[in-house]
Amino acid sequence: MTEETPHPLPATTGPSRYAQRLLARVRAFDTRHPWVWDATVALTWTVAALVDAAGGWRTTAVDPSVPVRLVVTLSLALSVPLYWRRRHPTAVLAVMACAALVGDASGAFLQSAYLQMVPVFHIALSRPPRALLGALALLLPPLVTGAVRFPPGAVDQRVVPALWAYALAALLGIAIRSRRDERAHEVRLAATAERARIAREMHDIIGHNLAVITGLADGGRYAAAKNPERAAQALEAIGTTSRQALAELRRLLSVLHEEGDEGDRSDGPAARAPQPALTDLERLITGVRKAGLPVRAELPPTAPALSAGAQLTVYRVLQEALTNTLKHAGPGATASVRLSYGPGALEMVVTDTGTRSTAPGRGHGITGMRERAARYDGTLETGPLPTGGWRVALRIPLEEATS
């Protein structure tokens, strides 16, 4: 079992996963070999421009007598620079705008002039928004020159369509850029949440087991002089607790592996063992007892139907509460654990009889417990008892958990 999120994302279908993997591979290849895609795009549009220069350009030209050699040269100047469109879109647009200016001034009115929208798209995709104003400034002189030299129908047939094409290319680049930035932000938020979750888990695992080991070591030191057998038992318990802590840490860190990577096999089955659940509460309490803290427990004979993540939350809250008692309650303290559940919720109350000079939880312990409870619409209350000691009360609704 692993800790579940309260609102899991829907699973993707087989074809969708295949498409995502294929797209990821294409992107990875493009990242390693960008020249392949750049050359393919430039070559494709160069061929199209040259085909148009073979004679099709005369269907839109206002002066079909323009020398073919000039038309071919302008066509190459409007298509070949696309190879550098992603790295230097503004410079590419400037070169293409110069070719478009000559084409409109001569009356050729080449359709390949619309290829200027490709670097406009990349400017919108990768440059600050103000760069689009510079792009528009580069596009306008050819359009204005053509409209002034050949005014009949120039505005409707040349200027307006070009401005619409500019607007569409810019809006498309802005939309894709916004989506890309949004996804990057989501990835950062997910990474932050995962780091916080792992830090919380490590705090619980390391804090609890070190507190238990400290209690065992103190007890073994006092027993060494009078009862060597008890000291040996304490050392054995320290070894067992240390191994359990290492196993939990391996299991926790295994979530950092990429999906589909089963991790280092040398870790053994411990790294792939289930996360702690309600059935492990007795083992947890037994370990605390061995550390020297008397614990009276009232646990139900059967566990309620809670999700794996909710069960882990109950386990970690109890672990943190007993760890705080070990660290802060002082000598002679005892603890009590009562776990119950009814038709509506699971309730766990942990109390101790210790005397504290300071309240526990100045670090991340109590905050982490509250966050865990909130993930499953639960509540956590902590505070001193009127008669002395400390109380931790956890409540998790049963109807919200899924098995």
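Residues numbered from 1 in each chain as written. Predicted model: local features only at pLDDT ≥ 70, side-chain atom pairs only at ≥ 80, totals over all residues. Heavy atoms only, no water.

Participant: Just checking my understanding: could you explain the overall build of the protein for this structure?
Facilitator: Within the protein one finds 11 helices and five strands. Each of the 403 residues in the protein was classed as buried or not, and the buried ones make up 39%. Across the protein, the fraction of contacts at a sequence separation of at least 24, relative to all contacts at a separation of at least 6, is 72%. When the accessible surface of the protein is split by element, carbon and sulfur atoms take 62% of a total near 22400 Å². (Helix = DSSP H or I, 4+ residues; strand = E, 2+ residues; numbered from the N terminus. Buried < 20%, exposed > 50% of the residue type's maximum accessible area, 1.4 Å probe, protein only. Contact = heavy atoms within 4.5 Å. Areas by Shrake-Rupley, 256 points an atom, 1.4 Å probe, with all protein chains shown as cover.)

Participant: Just to check I follow, could you spell out the packing of helix H5 (residues 117-126) against helix H6 (residues 131-149) for this structure?
Facilitator: Relative placement of two packed helices is described by the angle separating their axes and the distance separating the axes. In the contact formed by H5 and H6, the axes pass within 9 Å of each other and the chain directions differ by 165 degrees. By the angle between their axes, H5 is roughly antiparallel relative to H6. For the pair H5 and H6, the sense of crossing is right-handed. Of the residues in H6, those in contact with Met117, Val120, Ile123 and Ala124 of H5 are Ala131, Leu132, Ala135 and Leu139. (Axes fitted to C-alpha atoms, helices over the stretch in contact; angles between N-to-C directions. Parallel < 35°, antiparallel > 145°, perpendicular 65-115°, else oblique. Left-handed = near helix turned anticlockwise from the far one by under 90°.)

Participant: Help me understand the nonpolar core, please; the structure alone is not making it clear to me.
Facilitator: Counting 31 residues, the largest nonpolar core has Leu306, Val314, Leu318, Leu322, Met348, Val350 and Leu394 as its most contacted members. At the level of elements, helix H9 (281-290), helix H10 (308-328), strand E2 (335-341), strand E3 (345-352), helix H11 (365-375) and strand E5 (390-397) are the ones that each hand at least two residues to this core. For this core, the element with the most residues is H10, which contributes seven residues. When sequence neighbours within four positions are dropped, the list of residues in contact with Met348 reads Val314, Val317, Leu318, Arg338, Leu339, Val392, Ala393 and Leu394. Counting residues in each nonpolar core, the second largest holds 18 residues, with Ala61, Leu74, Leu110 and Ala113 among its members. (Core = buried A, V, L, I, M, F, W, Y, C linked by side-chain atoms within 4.5 Å.)

Participant: Just checking my understanding: could you explain empty space enclosed by the protein for this structure?
Facilitator: Left-over empty space is what a probe sized like a water molecule reveals as it rolls over the atoms. Going through the model one piece at a time under the given rule, you end up with two cavities of 30 Å³ or more. In this structure, the largest cavity spans a volume of roughly 130 Å³. In terms of lining, the largest cavity is formed by 14 residues, of which the most central are Ala113, Gln116, Met117, Leu143 and Ala162. Secondary structure elements with two or more residues in the lining of the largest cavity: helix H4 (89-106), H6 and helix H7 (154-226). Within the lining of the largest cavity, the residues separate by chemical class into 11 nonpolar, one polar and two charged. (1 Å grid on protein atoms, 1.4 Å probe; cavity = no way out; pocket = protein on both sides within 12 Å on 5 of 7 lines; lining within 4 Å. Points joined across faces, edges and corners; volume = space filled by probe spheres on them. Nonpolar A, V, L, I, M, F, W, Y, C, P; charged D, E, K, R; others polar.)

Participant: Honestly, helix H2 (residues 34-53) in this entry has me stumped. Any pointers?
Facilitator: A turn of α-helix holds 3.6 residues, and therefore any two residues three or four places apart point the same way. Along its 20 residues, H2 runs 29 Å from first to last C-alpha, staying within 8% of the 28 Å computed at 1.5 Å per residue. The inward-facing, buried residues of H2 contact helix H3 (68-79). Count one or two residues on from H2 and you reach Gly55, which has phi positive near 160 degrees. (Expected span 1.5 Å × (residues − 1).)

Participant: Quick question: what am I supposed to make of the pattern of salt bridges here?
Facilitator: Between side chains of opposite charge, a pair can form when the charged atoms approach closely. Throughout the structure, instances matching the rule amount to 11 salt bridges. The closest approach of N and O atoms between Glu282 and Arg289, which form a salt bridge, is 3.5 Å. Exposure remark for Glu282: the relative accessible area of 39% places this residue in the partly exposed category. A residue is classified by how much of its surface remains accessible, and Arg289, at 35% relative accessible area, is partly exposed. (Salt bridge = Lys/Arg side-chain N within 4 Å of Asp/Glu carboxyl O.)

Participant: Mind showing me how you'd approach the side chain of Asp352 here?
Facilitator: Here Asp352 is to be found in strand E3. Here the side chain of Asp352 touches Gly354 through a polar contact of 3.0 Å, landing on its backbone nitrogen. What Asp352 contacts, discounting residues up to four positions off in sequence, is Thr325, Ala329, Thr334, Ala335, Leu385, Gly388, Gly389 and Trp390. (Polar contact = N/O pair within 3.5 Å; in protein donor to acceptor, adjacent residues only side chain to side chain.)

Participant: Hey, could you run me through the packing of aromatic side chains in this one?
Facilitator: For any pair of aromatic rings, the description rests on two quantities: the centre-to-centre distance and the angle between the ring planes. If you walk through the whole model with that rule in mind, you get two aromatic pairs. Ring centres of Tyr83 and Trp84 lie 5.2 Å apart, and the angle between their planes is 80 degrees; this geometry places the pair in the edge-to-face category. The exposure class assigned to Trp84 is partly exposed, which follows from its relative accessible area of 38%. Here Phe109 and Phe150 contribute two aromatic rings whose centre-to-centre distance is 6.0 Å and whose plane-to-plane angle is 90 degrees, an arrangement assigned as edge-to-face. Here the residue Phe109 occupies a position in the loop between H4 and H5, and Phe150 occupies one in the loop between H6 and H7, the gap between them amounting to 41 residues. Phe150 sits in the buried class, given a relative accessible area of 19%. (Phe/Tyr/Trp six-rings, centres within 6.5 Å; stacked < 30°, edge-to-face > 60°.)

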